[in-house]
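Listed below are the residues making up each chain.
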Amino acid sequence: MEAVVPHEITTELTQILANLVLGDNKIRSNAEQAVNDRLAQTPDLYLLALAQFSIAADTEMRSFSLVLLRRLLFRAAPGQQPREGRLTLYDQLPAHALTTLERLLLHSLSHEPLDAVRRKTVDTVCDLANNSMSRGRPWHALQAQTFTMTQTGEAGFRECAYRLFSGCPNLVMDLQTDAVLTVFRKGLQDSQSVEVRLAALRASVSYLTACDQLQLSHSLSLLYPMLDTLPSLPNIHLKSFLSSLTPLCSSHPNLFVPHMDALLSFLRGLIMPSVDSGPTPTVAKPFPGTSSFTFPPGGSGSRTPDDNDEVTEDEEKELVRKAALEFMVSLTEAKPALAKRSEGWTAAMVRASLEGMGELPEDTLDSWLEADPSEDAQDENYPHVYEQSLDRVACALGGKAVLPPAFQYIPSMLANYDWRLRHAGLMAIAAIAEGTSKVMQMELGKVVDLVTPMFKDAHPRVRYAACQCVGQLCTDLEEIIQDRYHEQLFAALIPTLEAPEPRVHSHAAAALINFCEGVERDTLVPYLDPIVERLLKMLNPGAEDGKVVKGYVQEQAITTLAMVADASEATFAKHYASIMPLLLNVLRNANSSDHYKLRAKAMECAGLIAIAVGRNVFRADANTLIELLIKIQNSPVDPSDTMLPTFLIATWAKICQALGTEFEPFLPVVMPPLLNAASAKADVSIYDDEDDVGETREGWETISMDGQIVGIRTSTIDEKCQAFDTLVVYCATLGGRFAPYLAQSLELSLPALKFYFHDGVREAASRLIPLLFSCGKQSGTLTSQMVAASFLQLINTIRAETDPSFLSSLYRALADGLRVVGIPALTPDLQATLIEATKHQLQTLADKRKRRAESPEDDREELALLEEVEEFALEDMEKLLKILDGQHPLLVAVSSVRDLGFNQWDSEEERDSDG
């Protein structure tokens, strides 16, 4: 094919591209700059040169130029700000250049001899086609060529044709349905190439996902050849086929309704271990030597170097097993009623998950005991997939569906000779507790009777699992289990605090935290002495046996002491003298990097104990603790100590709560760094596409915002949130004494209402504003300008808010502010703006509810939760309107919107009967 750009351009670009792949950073950086410079001046020439390389260069250069072309075409044009209309290099190309670009890529598609390079052409062509079509530029030549490629005799070209249909379903969406289905069926039944069948399957999934309801109703027959691709596949390919089908389970579960029996028949054999384990995972071999049941399945676990083929085969089976289970769980989550109606479906998933959870490595106890839980390399071998699957199934289906099949096996697992099955049984109870809690609480006594004996098990990992199980039950059945069964649970947990293994006794301490979060003070008090006595033994390095206490044990002991103090309140005072000196000693000496976490936990614990015992007990040590915190605050910052900033801010807040107004003299010390943290800007990176993101950096997370991918440094915004929470504490505790910082705090709070990167910052800012009004009123420092600016910002935020949960907070802040300053402070103009904003929100909520009423297939429980959040917003909106006028006309509109709500369950009993 003749050249489309001058020879000097291709020569220059060849050298630039060669420099881009060099290891020398300076040369590569200069090459990147050269690319940007050329693209800023003549983008059409250099983009066309890249396209020309894709058909006229050596293999490596063809491949690289296609990747680079794909990345550059839809990048923001050089020199443009990221949000300036998002014009890309593609948008700057003249029509003739676009036509030439398309012609070059079609030539590459039809003439590229190597499959690997041709697949890169497909990726680039799909990006170009999708973006072109979204801009109103069809690509009919691509459509015609793709259909032609499905007829070719060469499998590689047929595969790429279906890859194109998969990556750009718009190529077929405007064609007759029968014609499309005929082409897809042909690919799904391709007898020569499994790769063609896989590409056709992915194309079919993309097509069905993109179909409108009418097209979908005419395309139901496509599911038969799609599912028929599965049975004949070897394991090496089956995982890919199942994984390709799984997204369709989530997006269009109804498509699978006619196929449930066939699917269960096929999938059940894949999700169970390859060794026949008998009728249950526990009856099969209750005692050694009585049957052939073994864990892990597939042999004794001892292998010779010649077993490599078997290992590979076993790994393939395991990947298929997990993919098949994921398919079933995803379909269950998307359509719980379908799973409940399909006999055997739930039981198969439950049993497969239980089997998988029992497949732990056998001889790893010594290394497990020595490992720090946060750095345990063995954690990679833990069967997380099966545990998470059981949890997801329980949450999707509820207790009535999941508890019977689960407890068909769990009791005998707990009685099994194999510690791995006893461990799995306990972890299974923990996994299903959240989703089955409503039904489980009816039989909770039996569950507790099953679990508590396991605290005396001979194997440390089983006792560890018992701690995990009780901790999870205390969270998922909070208050219920603590109230009914505290005697049995304390009788199991307290002795375990003295278990000989550090990992076990520290996990017992962790479980106590979960227990204390839902316990009444009077229930805890009788057990306080033995708990504190044992936690102090865990904390004190001078232990009786002379062993050095592991760092993670000390950290856990301090954390648990803090929670016990918080739960027991003033009763904890008797232990104050034993504990506070130890904590102060930690703060004096724990300055090395391996003690940073311990120091942070000691701060938190000291603050919580101070609140628990009250200022009279704490006062004697207050100055010492404050001096130590000031010293830590003024020490050089170690960037690796990511916990210190938030823990330091939070501890100052706790000391303020403990001392009350006596904390005022310390404001000049604590406020400058606090205001600095509260004023921090979000540290963000904006990416043009997902390819730029790569692996998420530690301490960063990515979100999608305004059509862009945004990376956010979480430590900065977490510290900002903690700072705002602390400002709330200071202002609420000190009242008018906080007046010197009123203006600065208000200046920070008003824009923070629109800090969309962190909901916690916005919530704290909304709580802070009325507190600042109160502070200003008490101190005589509140001005009418402050009030007007605050009300205006609140009202403007109400107008634009899309989250009903935060909308509720905004109305509450406005109402609380009016209660402080009086209704006259809301001027007629502001009141008119507020009413317009409220009308807008009422209309938005009404429209949402009408749309939901038109979609009866949506999940009932999810809808009920959504509207429960909206009810809070309507309630707070109503309260504000009544403050303005007890007979306000909009109150009728609020009631009307409420009446549009989804018809929730008539009673808890009916709700439970569905679960």
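Further up the page is the structure itself.
Now for a quick tour of the structure. Here the structure is a predicted model, which is why all the values come from computation and not from measurement. (Residues numbered from 1 in each chain as written. Predicted model: local features only at pLDDT ≥ 70, side-chain atom pairs only at ≥ 80, totals over all residues. Heavy atoms only, no water.)

1. A word on the overall build of the protein chain
Along the backbone of the protein chain there are 45 helices and three strands. Each of the 915 residues in the protein chain was classed as buried or not, and the buried ones make up 51%. The contacts in the protein chain between residues at least 6 apart in sequence include a share of 73% that link residues at least 24 apart. When the accessible surface of the protein chain is split by element, carbon and sulfur atoms take 50% of a total near 41000 Å². (Helix = DSSP H or I, 4+ residues; strand = E, 2+ residues; numbered from the N terminus. Buried < 20%, exposed > 50% of the residue type's maximum accessible area, 1.4 Å probe, protein only. Contact = heavy atoms within 4.5 Å. Areas by Shrake-Rupley, 256 points an atom, 1.4 Å probe, with all protein chains shown as cover.)

2. Side note on the state of the cysteines
Summed over the entire model, instances satisfying the criterion amount to zero disulfides. Cysteine C168 is unpaired, with the sulfur of C126 as its nearest cysteine sulfur at 5.9 Å. What makes C168 buried here is its relative accessible area of 1%. (Disulfide = S-S within 2.5 Å.)

3. Observations concerning the pattern of salt bridges
Overall, the coordinates contain 41 salt bridges when judged by the stated rule. Among the salt bridges present, the one from E112 reaches R62, with a minimum N-O distance of 2.8 Å. With E112 in the loop between α6 (95-111) and α7 (115-134) and R62 in helix α4 (residues 59-73), the pair connects residues that are 50 residues apart, well separated along the chain. By relative accessible area, E112 is classed as buried at 3%. By relative accessible area, R62 is classed as buried at 10%. A salt bridge links R898 to E878; its shortest N-O distance comes to 3.4 Å. (Salt bridge = Lys/Arg side-chain N within 4 Å of Asp/Glu carboxyl O.)

4. Quick word on the nonpolar core
Ranked by internal contacts, the top residues of the largest apolar core, which has 295 residues, are F618 and F738. With 13 residues, helix α23 (residues 419-440) is the largest single contributor of residues to this core. Apart from residues no more than four positions distant in its own chain, F738 is found in contact with L667, M671, L727, Y730, C731, S745, L772 and C775. Of all hydrophobic cores here, the second largest spans five residues; its members include W368, L369, Y464 and V504. (Core = buried A, V, L, I, M, F, W, Y, C linked by side-chain atoms within 4.5 Å.)

5. Comments concerning the side chain of T332
Topologically, T332 is positioned in helix α17 (residues 308-334). Judged by relative accessible area, T332 falls into the buried class, the value being 1%. Leaving out residues up to four positions away in the same chain, T332 has contacts with A339, W345, M349, A396 and L397.

6. A closer look at the side chain of T146
By the element assignment, T146 lies in helix α8 (residues 140-149). For T146, the residues in contact, after removing those within four places along its chain, are A161, L164, F165 and L171.

7. Some words on a negative patch on the surface
On the surface, a cluster of negative charge is made up of E478, E479, D483, E517 and E520. Following the sequence through the fold, E517 ends up in the loop between α27 (502-516) and α28 (521-524). Residue E517 is classed as partly exposed on the basis of its relative accessible area of 43%. (Patch = residues over 30% accessible without salt bridge, like charges linked within 9 Å, V, L, I, M, F, W, Y side chains within 5 Å. Lys, Arg positive; Asp, Glu negative; His and termini not counted. Charge placed at Lys NZ, Arg CZ, Asp CG, Glu CD.)

8. Observations concerning the packing of helix α40 (residues 784-800) against helix α41 (residues 804-821)
At a minimum axis separation of 10 Å, α40 and α41 run at an interaxial angle of 155°. Judged by the inter-axis angle, α40 sits roughly antiparallel to α41. In this structure, the crossing between α40 and α41 has a hand that is left-handed. Along the contact surface, α40 presents V787, F791, L794, I795, T797 and I798, while α41 presents F806, L807, L810, Y811, A813, L814, G817, L818 and V821. By residue class, the composition of the contact of α40 with α41 is 13 nonpolar, two polar and no charged. (Axes fitted to C-alpha atoms, helices over the stretch in contact; angles between N-to-C directions. Parallel < 35°, antiparallel > 145°, perpendicular 65-115°, else oblique. Left-handed = near helix turned anticlockwise from the far one by under 90°. Nonpolar A, V, L, I, M, F, W, Y, C, P; charged D, E, K, R; others polar.)

9. Some details on the packing of aromatic side chains
Within this structure, the stated rule accounts for 16 aromatic pairs. With 4.4 Å between their ring centres and 50° between their planes, F490 and F515 make a pair best called tilted. In this pair, F490 sits in helix α26 (residues 480-496) while F515 sits in helix α27, placing the two residues 25 residues apart along the sequence. Across this residue pair, the class does not change: F490 and F515 are buried. Considering the side-chain rings of W652 and F663, the 6.4 Å spacing of their centres and the 55° angle between planes classify their relative orientation as tilted. (Phe/Tyr/Trp six-rings, centres within 6.5 Å; stacked < 30°, edge-to-face > 60°.)

10. Section: the environment of W345
Within the secondary structure, W345 is located in helix α19 (residues 345-357). The class for W345 is buried, based on a relative accessible area of 0%. Note: C-alpha distance between W345 and M328 (17 residues apart in sequence) is 8.3 Å.

11. A short note on the packing of helix α30 (residues 551-568) against helix α32 (residues 596-613)
Axis separation between α30 and α32 bottoms out at 8 Å; the angle between their running directions is 15°. Taken together, the axes of α30 and α32 lie roughly parallel to each other. For α30 against α32, the interelement crossing comes out left-handed. Contact residues: α30 offers Q554, E555, I558, T559, L561, A562, A565 and D566, while α32 offers K597, L598, K601, A602, C605, L608, I609 and A612.

12. Brief notes about the environment of N796
Counting through the fold element by element, N796 comes out in helix α40. Sequence spacing of N796 and T833 is 37 residues, and the spatial spacing of their C-alpha atoms is 8.3 Å.

13. Points about unusual backbone geometry
One non-glycine residue, E479, lies in positive phi territory at about 75°. Turning to its location among the elements, E479 is positioned in the loop between α25 (460-476) and α26. With a phi close to 55°, E569 is a non-glycine residue in the positive phi region. Mapped onto the fold, E569 is located in the loop between α30 and α31 (573-589).

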